[in-house]
Amino acid sequence: MIARIRTVFVQEFRLARRNQWVLLATLMLTLFALALAFFGAGQGAALKADVLSLTAASLATLSVYLIPLIALLMSYDAFSGEVERGALALTLATPIRRWELFAAKFLAQCCAAGIAIVGSLAIAGAAVALVYGTEPAGLWAWARLTATSALLGAVFVAAGLTLSAATGRTARAAAFAIGIWLVMVVLYDLALLGGIMAAGEGVFASRVFPWLVLANPADAFRLYNLAALDAAPVAGIDGLARTLPFAPAAALGALALWLAALLALGMNRTGRIEP
């Protein structure tokens with residue numbers, strides 16, 4: 001079993017590297033992180049606050065737009081592309097089980113996305129620390145941001161693979177991937193803001209709204225990182241959801257549940273693919 005998973009893993013990772021996805025994603029995330037880091041670093045230095053902590057809070061708020069998109073674009077054609085090329089039928093003719101195929105592709109795509117995420121954040125964090133210095137709290141905040149960013153990437157890699165296995169066509173999988181990103185990262189928060197403005201203060205704002213925030217993996221990622229930073233300036237959706245006394249643990253648990261559910265669903269859909 002391990003040998004079969006390793007064989008497919010190596011093949012998938014080489015394909016991602018050959019397609020320049022790892023390099024392109026690392027470059028995009030690095031430029032984004034550096035630009036945001038040094039934009040906020042000047043404000044942090046002027047306020048005599050820990051620059052790395054403030055930068056981690058800013059990146060936690062804004063990187064939810066880029067990391068899910070990169071993860072989905074890396075993974076949406078992992079199965080559908082092979083179905084259209086006829087390569088999946090050849091792979092399934094080997095002794096590999098379908099859940100092993102899904103697991104190998106998931107691990108390879110997670111490694112590709114993880115290298116891009118961890119590498120870019122490491123470069124940005126090192127640059128900020130060299131220029132402005134840092135404190136232990138800032139290093140812990142950056143470590144939390146890096147680990148949970150990789151976890152968020154894994155969640156959306158699993159989502160992309162599940163879509164690819166369920167649709168069986170590259171164009172359809174691409175459309176669904178963009179739709180999922182648009183709904184979960186952009187429109188979901190707009191709907192929550194509209195709901196809280198319409199309902200005002202009351203049961204919805206205090207009881208229902210925080211759980212709706214946790215139900216979205218992108219919002220759970222952001223909430224975990226901001227709730228762990230007591231000094232982070234938080235407003236809007238994150239400020240209201242942060243009123244949960246166990247917000248950090250609940251947000252991390254929500255990400256883990258999303259990952260487990262998507263992996264189970266993806267393996268189930270892989271077993272039904274018609275190559």
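These numbers were taken from a predicted model, which means no experiment stands behind them. (Residues numbered from 1 in each chain as written. Predicted model: local features only at pLDDT ≥ 70, side-chain atom pairs only at ≥ 80, totals over all residues. Heavy atoms only, no water.)

> Would you mind going over the packing of aromatic side chains in detail, with residue names and values included?
Considering all chains together, one arrives at 2 aromatic pairs under this definition. Pairing Phe9 with Phe13 gives two aromatic rings, centres 6.2 Å apart and planes at 10 degrees, and the pair type is stacked. Taken as a pair, Phe9 and Phe13 lie in helix H1 (residues 2-18) at a separation of 4 residues, close to a single helical turn. Directly above the aromatic system of Phe79 lies the positively charged group of Lys105, at a separation of 5.3 Å from the ring centroid. (Phe/Tyr/Trp six-rings, centres within 6.5 Å; stacked < 30°, edge-to-face > 60°. Helix = DSSP H or I, 4+ residues; strand = E, 2+ residues; numbered from the N terminus. Lys NZ or Arg CZ within 6 Å of the ring centre and 35° of its normal.)

> Tell me about the nonpolar core, and please be specific about residues and values.
By size, the foremost hydrophobic cluster in this structure holds 78 residues, and its most contacted members are Phe79, Phe106, Trp142 and Leu145. Setting aside its immediate chain neighbours within four residues, Phe79 contacts Leu88, Leu101, Phe102, Lys105, Leu161, Ser164, Ala165, Thr270 and Ile273. (Core = buried A, V, L, I, M, F, W, Y, C linked by side-chain atoms within 4.5 Å. Buried < 20%, exposed > 50% of the residue type's maximum accessible area, 1.4 Å probe, protein only. Contact = heavy atoms within 4.5 Å.)

> Quick one: what's the story with the side chain of Glu12, residue by residue and with numbers?
Within the secondary structure layout, Glu12 lies in helix H1. The residues contacting Glu12, other than those within four sequence positions of it, are Glu82, Lys105, Ala108 and Gln109.

> Which residues make up the pattern of salt bridges, and what are the values?
Taken as a whole and assessed by the stated rule, the structure comprises 6 salt bridges. Put simply, Lys105 and Glu12 hold a salt bridge, and the shortest N to O gap is 2.6 Å. You can see Lys105 sitting in helix H7 (residues 98-132) and its partner Glu12 sitting in helix H1, a full 93 residues away along the chain. Close ionic contact of Asp219 with Arg222 constitutes a salt bridge, the shortest N to O distance being 2.4 Å. Of this pair, Asp219 and Arg222 both sit in helix H11 (residues 217-227), 3 residues apart, which is roughly one turn of that helix. Across the pair, Arg222 and Asp219 agree in class, each one buried. (Salt bridge = Lys/Arg side-chain N within 4 Å of Asp/Glu carboxyl O.)

> Lay out a nonpolar patch on the surface with the relevant residues and their values.
There is a patch of nonpolar side chains on the surface, built from Leu182, Val183, Leu187, Leu190 and Leu193 and spanning about 400 Å² of accessible area. One can find Leu193 in helix H9 (residues 170-199). (Patch = residues over 30% accessible without salt bridge, like charges linked within 9 Å, V, L, I, M, F, W, Y side chains within 5 Å. Areas by Shrake-Rupley, 256 points an atom, 1.4 Å probe, with all protein chains shown as cover.)

> Before we move on, can you summarise H7 with the specific residues and values?
The terminal C-alpha atoms of H7, which comprises 35 residues, lie 50 Å apart, in line with the 51 Å expected from a rise of 1.5 Å per residue. Two residues or fewer after H7 comes Gly133, characterised by a positive phi angle close to 75 degrees. (Expected span 1.5 Å × (residues − 1).)

> Which residues make up the side chain of Thr167, and what values do they have?
Here Thr167 lies in helix H8 (residues 136-167). Relative accessible area serves as the criterion here: at 14%, Thr167 is assigned to the buried category. Setting aside anything within four residues of it in sequence, one finds Thr167 in contact with Arg172, Ala173 and Phe176.

> Would you mind going over H11 in detail, with residue names and values included?
With respect to burial, H11 is a largely interior element, 11 of its 11 residues being buried. Within H11, the full set of buried residues consists of Pro217, Ala218, Asp219, Ala220, Phe221, Arg222, Leu223, Tyr224, Asn225, Leu226 and Ala227. At the N-terminal boundary of H11, the capping side chain belongs to Asn216, with an oxygen 3.0 Å from the backbone nitrogen of Ala218. (Polar contact = N/O pair within 3.5 Å; in protein donor to acceptor, adjacent residues only side chain to side chain.)

> Explain the environment of Ala256 residue by residue, including any values.
With respect to the helices, strands and loops of the structure, Ala256 is situated in helix H13 (residues 247-270). Sequence separation of Ala256 and Pro217 is 39 residues, and the distance between their C-alpha atoms is 9.1 Å.

> If you had to explain the packing of H8 against H11 to someone new, which residues and values would you point to?
Where H8 contacts H11, the two axes come as close as 10 Å, and the packing angle between them is 170 degrees. Of the possible angle classes, the one that applies to H8 and H11 is roughly antiparallel. Contacts between H8 and H11 involve Arg144, Leu145, Thr148, Ser149, Leu152, Val155 and Phe156 from the first element and Pro217, Ala218, Phe221, Tyr224 and Asn225 from the second. Among the residues making up the contact of H8 with H11, the classes are represented as 8 nonpolar, 3 polar and 1 charged. (Axes fitted to C-alpha atoms, helices over the stretch in contact; angles between N-to-C directions. Parallel < 35°, antiparallel > 145°, perpendicular 65-115°, else oblique. Nonpolar A, V, L, I, M, F, W, Y, C, P; charged D, E, K, R; others polar.)

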